[in-house]
Amino acid sequence: MESLLLTSILVFSLAGIIVTFMVTSARSSKSDLYSALGASCNSFIDHSLFRFFRVPYDLWGGIYYIFILVFLAGAWISGFPFWGLLFFTLLLGALFSLYSILIQMIALRNICEWTLVAAFVPIANLGLFLVFSPTPEVAEWISGWYEEIFLLVTVLSVAGAVLAVFSFFTFLSFMNDLRISAWEARILSYLSEGLTLFVAAVLSFGAGILWVNGVFEEMQILSLVFGIALVAAVCEFTKTSRIRPALVLLSLKENDNKKEERELLKRLSFGVEGISLISWIFLAFFFVLPMGTFTVSQAAGMYVLLVTIAFLFSQLIKQDPYGTKR
């Protein structure tokens, strides 16, 4: 079964490498890359949202495939004692593939079959692993490294909370005039991408912790934490793909007819920032404090209450001054 799994992952990965090379070649040479329906993919692969920390997604895909090939080579040469590490790599790759698919389908609404296929391969690899992997060996590996993985998730959560606080106050300073310039949006996008990286890592390693944890009360808390991490991920995706570009676009326009739209977008942006900040602070506290400090109902109640307060408080920002003359 292990041989079938590794062979299947190799076949899918080789197909992904071929498609990724095609996308990289088209992007580098500035040549047109057409989908099966005849539509050009260049409007997507040349877009700023086709980048993470300014590195195109196809190059990130190449790094992912290098890691996978190294794992597979080690498995066939000397056996494979690192099943848990492969699981985390595949899960992290699948999360970023899902992120790129959502960018393409929701944010840009530009379907390119080649980039979709390239993003689908890591998700397929994870599915193959979950179906054919030796579950006892994977659980044993994660259990053996449980304390170290828990410490890593704690560090990632605290680092994410610190970055979220910095991002929040940076956003407030940039929105002092309720306008966002292109370079301000770029800085905020970098911060959101950093938070996206942290939350993807927390979700990946947190899934391993949740998998092998056998204490019912702790599993309840970890499930709640998993849900809060998903909320934080949705907030960062919304900020990067929808709010930042819209704020820049509206800031460049002086049309008074856009005043209501500006006000609505301003309130939405402050609300999302507040929810993101509270979510990250809660993630940090959940992992830093002893697991039995709160019951799941107490923790969920406090989170919902603070998120509600944060959102309502964010809507008390002074009225939009775009209509005033400067």
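Definitions and cut-offs
- Residues numbered from 1 in each chain as written.
- Predicted model: local features only at pLDDT ≥ 70, side-chain atom pairs only at ≥ 80, totals over all residues.
- Heavy atoms only, no water.
- Phe/Tyr/Trp six-rings, centres within 6.5 Å; stacked < 30°, edge-to-face > 60°.
- Helix = DSSP H or I, 4+ residues; strand = E, 2+ residues; numbered from the N terminus.
- Contact = heavy atoms within 4.5 Å.
- 1 Å grid on protein atoms, 1.4 Å probe; cavity = no way out; pocket = protein on both sides within 12 Å on 5 of 7 lines; lining within 4 Å.
- Points joined across faces, edges and corners; volume = space filled by probe spheres on them.
- Nonpolar A, V, L, I, M, F, W, Y, C, P; charged D, E, K, R; others polar.
- Salt bridge = Lys/Arg side-chain N within 4 Å of Asp/Glu carboxyl O.
- Buried < 20%, exposed > 50% of the residue type's maximum accessible area, 1.4 Å probe, protein only.
- Axes fitted to C-alpha atoms, helices over the stretch in contact; angles between N-to-C directions.
- Parallel < 35°, antiparallel > 145°, perpendicular 65-115°, else oblique.
- Core = buried A, V, L, I, M, F, W, Y, C linked by side-chain atoms within 4.5 Å.
- pLDDT = per-residue confidence, 0-100.
- Polar contact = N/O pair within 3.5 Å; in protein donor to acceptor, adjacent residues only side chain to side chain.

Student: What is the right way to read the packing of aromatic side chains from this model?
Tutor: Working definition: an aromatic ring pair is given by the centre-to-centre distance plus the angle between the planes. Across all of its chains, the model carries 21 aromatic pairs by this definition. Centroid distance F52 to Y99: 6.1 Å. Interplanar angle 80°. Geometry classified as edge-to-face. With F52 in strand β1 (residues 51–52) and Y99 in helix α4 (residues 83–108), the pair connects residues that are 47 residues apart, well separated along the chain. Plain terms: the ring middles of F171 and F270 are 5.2 Å apart, the flat faces sit at 70° to each other, and that makes the pair edge-to-face. Of this pair, F171 sits in helix α7 (residues 146–174) while F270 sits in helix α10 (residues 259–288); the two residues are 99 residues apart in sequence, bridging distant segments of the chain. Among the aromatic residues, those joined into a cluster by ring pairs are W83, F87, F88, F129, W141, W145, F205 and W211.

Student: Help me understand the environment of A118 in this model?
Tutor: Considering the arrangement of structural elements, one finds A118 in helix α5 (residues 113–132). Residues within four places of A118 in sequence aside, it is in contact with V19, T20 and Y65.

Student: Can you help me understand the layout of surface pockets in this one?
Tutor: If a probe the size of a water molecule is rolled over the atoms, the empty space left behind becomes visible. Counted as a void, the largest pocket has a volume near 740 Å³. Counting residues per element, the ones that place at least two in the lining of the largest pocket are α1 (2–29), α3 (57–78), α4, α5 and α8 (182–212). A total of ten residues in the lining of the largest pocket trace back to one element, the largest contributor, which is α4. When its residues are assigned to classes, the lining of the largest pocket shows 21 nonpolar, nine polar and one charged. Listed by contribution, the elements that provide at least two residues to the lining of the second largest pocket are α4, α8 and α9 (216–251). Looking at the lining of the second largest pocket element by element, the count peaks at six residues for α8.

Student: What's the story with the pattern of salt bridges in this structure? I'm lost.
Tutor: Note that side chains of opposite charge can pair when their charged atoms are close. One pass over the full model with this rule turns up four salt bridges. A salt bridge links R27 to D58, with the nearest nitrogen and oxygen atoms 2.8 Å apart. You can see R27 sitting in helix α1 and its partner D58 sitting in helix α3, a full 31 residues away along the chain. A relative accessible area of 13% places R27 in the buried class. According to the relative accessible area criterion, D58 is buried, its value standing at 5%. Counted as one network, the salt bridges with shared partners bring together E236, K239, R244 and E273.

Student: Even after reading the chapter, I still don't get the packing of helix α6 (residues 135–144) against α7, so can you show me in this structure?
Tutor: Helix packing for two helices is described by the angle between their axes and how far apart those axes are. It is the contact of α6 with α7, at a shortest axis distance of 4 Å, that shows an interaxial angle of 70°. Classified by the angle their axes make, α6 and α7 are roughly perpendicular. Between α6, through W141, I142, S143 and G144, and α7, the contact on the second element is made entirely by Y146, E148 and I149. Of the residues assigned to the contact of α6 with α7, the class counts are four nonpolar, two polar and one charged.

Student: I tried to follow the nonpolar core on my own but got confused; where do I start?
Tutor: It is characteristic of soluble globular proteins that their nonpolar side chains tend to be buried jointly. Formed by 76 residues in total, the largest nonpolar core has its most connected members in F87, L90, F129, I149, I180, W280 and F286. The contact partners of I149, leaving out residues within four places of it in the chain, are F88, W141, I142, F205 and I209. In this structure, L33, C41, F52 and A107 belong to the second largest nonpolar core, which totals 17 residues.

Student: Mind showing me how you'd approach the confidence of the model for the chain here?
Tutor: As a note on interpretation, predicted positions should not be read in detail where pLDDT is low. Predicted confidence across the chain gives a mean pLDDT of 85, with 91% of residues reaching 70 or more. For the chain, per-element mean pLDDT is lowest for helix α2 (residues 42–45), which scores 78, and highest for α7, which scores 93. Per-residue pLDDT stays below 50 along residues 319–326; that stretch engages in 20 contacts with residues further than four places along the chain or on separate chains.

Student: Honestly, the side chain of T115 in this entry has me stumped. Any pointers?
Tutor: By secondary structure assignment, the location of T115 is in helix α5. Separated by 2.9 Å, the side chains of T115 and Q104 make a polar contact. Discounting residues that sit within four places of it in the chain, T115 has contacts with V23, F44, I45, F50 and Q104.

Student: Explain the environment of G160 here, please?
Tutor: With respect to the secondary-structure elements, G160 resides in helix α7. Its relative accessible area of 0% is what places G160 among the buried residues. With 120 residues separating them along the chain, G160 and W280 place their C-alpha atoms 6.5 Å apart. Residues in contact with G160, not counting those within four places in the same chain, are L195, F198 and W280.

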